[in-house]
Amino acid sequence: MSGSSEDRPAPSRAERTYAPDFLTQLFRTPLDPGYLDTAARRRETGPPGVWQRAGGRALSAVTLFLVGLLLAVAYLQTVAAEPDRSKVRAALVEQIKRREAETDKLAQQADALRQEVARQRDAVLSSQDAARLRELEARTGLARVQGDGVVVQVTDATPDADAVTGAGGPDLGRVLDRDLQHIANALWSAGAEAISINGQRLTSTSTIRVAGSAILVDFRPIVGPYEVSAIGPVQMTQRFQTSSTAQLMRRIASEHGMGFQIRQVDDLTLPAAGDPTLRYARPSPASTPSERATPMSSDVGTSTSPSGGG
């Protein structure tokens, strides 16, 4: 055995080093090392001379002058080109209004000719055949109809876009083409017999689409407020009120500010639609006129199943 424990040397302990914390280091050296190096170099070289300061000021003045000159040239070019753009825009707007007026005039002429054809036809046909034909025209949208119904009005939300960034625009509260499609389909499902949107009668071949920011009904642009008018039975209003489409439109109106209103109207009149273009129907050359009447009437009657367009 070796000597007592008192003779043994004490184990050596590694010396601990304590690094200063962040706040202590910040108070000791408040300046960034880069600033300290710059200050040391300036003490060695001395402050900038008069010519250096004058050169820096001259360079800044020249830069500001060039920037101002570029802005002035851009402004003058914009102002000079503005009259041309205004003229082109005014010409396009005038052309659109003129074409719309011509289209409305032709539509009135077509309606007058259609009424004249109906009078001549009623004079030739028997009263029973004429009444049946008028009923089919009303069902297919080719004749003006009148009766009690409902008007569903939807309007765009008030624009709340930021004046600087343009963020937060009225996209969520803007009426879309699919909104009108859903409303029309819901009215068909509720029992509507005739529907029009802003005076445009819907048929089995009608379309509700969007082109840019404009909504087209049968390729005719319409603007808000949008009114979907429908003629149908008394239960139609209540059925539409409780439909999923009406509930969805109410939620969008409450959340995004879109206008949505349903009102019942007595003695509502819907215009006739334009004559459809038949692309595939061909009369059979071997059949007689009396033989063609039955399948044609059947085809027209079945073609009026509600679709809503779009």
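Residues numbered from 1 in each chain as written. Predicted model: local features only at pLDDT ≥ 70, side-chain atom pairs only at ≥ 80, totals over all residues. Heavy atoms only, no water.

I keep staring at the overall build of the protein and nothing clicks. Help me out?
Scanning the protein from N- to C-terminus turns up eight helices and eight strands. Within the span of the protein, comprising 310 residues, buried residues form 23% of the whole. For the protein, restricting intrachain contacts to residue pairs at least 6 apart in sequence, the fraction spanning at least 24 positions comes to 74%. Looking at the protein as shown, the accessible area adds up to about 22,700 Å², and 57% of this sits on carbon and sulfur atoms. (Helix = DSSP H or I, 4+ residues; strand = E, 2+ residues; numbered from the N terminus. Buried < 20%, exposed > 50% of the residue type's maximum accessible area, 1.4 Å probe, protein only. Contact = heavy atoms within 4.5 Å. Areas by Shrake-Rupley, 256 points an atom, 1.4 Å probe, with all protein chains shown as cover.)

I tried to follow the sheet that holds strand β7 (residues 226-231) on my own but got confused; where do I start?
Sheets are built from strands that pair by backbone hydrogen bonding, the pairs being arranged parallel or antiparallel. The five strands are arranged β3-β2-β7-β1-β8 in an open sheet whose pairing can be described as antiparallel. Of all the strands in the sheet, just β3 (200-201) and β8 (259-270) have a single pairing partner and so form its edges. Summarising the sheet, strand β2 (residues 194-197) and β3 pair through two bridges and their orientation is antiparallel. Following the sheet pairing, I197 is matched in β3 by Q200. Strands β1 (145-155) and β8 of the sheet are contacted by helix α7 (residues 244-256), whose axis makes an angle of about 130° with β8. (Pairing = 2+ DSSP bridges. Axes fitted to C-alpha atoms, helices over the stretch in contact; angles between N-to-C directions.)

Is there a simple way to explain the pairing of strand β4 (residues 208-211) in this structure?
Within a regular strand, the side chains alternate between the two sheet faces. Of the strand pairs in this sheet, β4 and strand β5 (residues 214-217) are connected by four bridges, and their pairing is antiparallel. In the strand pairing of β5, R209 is matched with L216. From the end of β4 to the start of β5, which pair antiparallel, there are two residues, and G212 there has a positive phi angle of about 70°.

Honestly, the environment of R134 in this entry has me stumped. Any pointers?
The residue R134 is located in helix α4 (residues 127-140) in this model. Take R134: its relative accessible area is 40%, and that puts it in the partly exposed class. Separated by ten residues in the primary sequence, R134 and R144 have C-alpha atoms spaced 9.8 Å apart. Sequence-distant contacts of R134, that is, excluding residues within four places in its chain, are made with R121 and D122.

I tried to follow the confidence of the model for the protein on my own but got confused; where do I start?
Where the model shows low pLDDT, its predicted coordinates should not be examined in detail. Taken as a whole, the protein shows an average pLDDT of 77; of its residues, 76% reach a score of 70 or greater. The least confident element of the protein is helix α8 (residues 289-302), whose mean pLDDT is 37; the most confident is β7, at 95. This stretch, residues 1-5, has a pLDDT under 50; its non-local contacts, to residues over four places away or in other chains, come to zero contacts. Low confidence marks residues 288-310, where pLDDT is under 50. Its contacts with residues over four positions away, or in another chain, come to 33 contacts. (pLDDT = per-residue confidence, 0-100.)

Explain the nonpolar core here, please?
Grouped burial of nonpolar side chains is what soluble globular proteins tend to show. Ranked by internal contacts, the top residues of the largest apolar core, which has 31 residues, are L180, I183, L187, F240 and F260. Contributing elements (two or more residues each) for this core: β1, α5 (177-189), β2, β5, β7, α6 (235-241), α7 and β8. In terms of residue count, α5 provides more of this core than any other element does, six residues in total. Among the nonpolar cores identified, the runner-up in size contains seven residues, and V145, A194, I231 and V265 belong to it. (Core = buried A, V, L, I, M, F, W, Y, C linked by side-chain atoms within 4.5 Å.)

Just checking my understanding: could you explain α5 for this structure?
The first and last C-alpha atoms of α5 sit 18 Å apart over 13 residues, in line with the 18 Å expected at 1.5 Å per residue. Immediately downstream of α5, the backbone of G191 shows phi near 110°, a positive value. (Expected span 1.5 Å × (residues − 1).)

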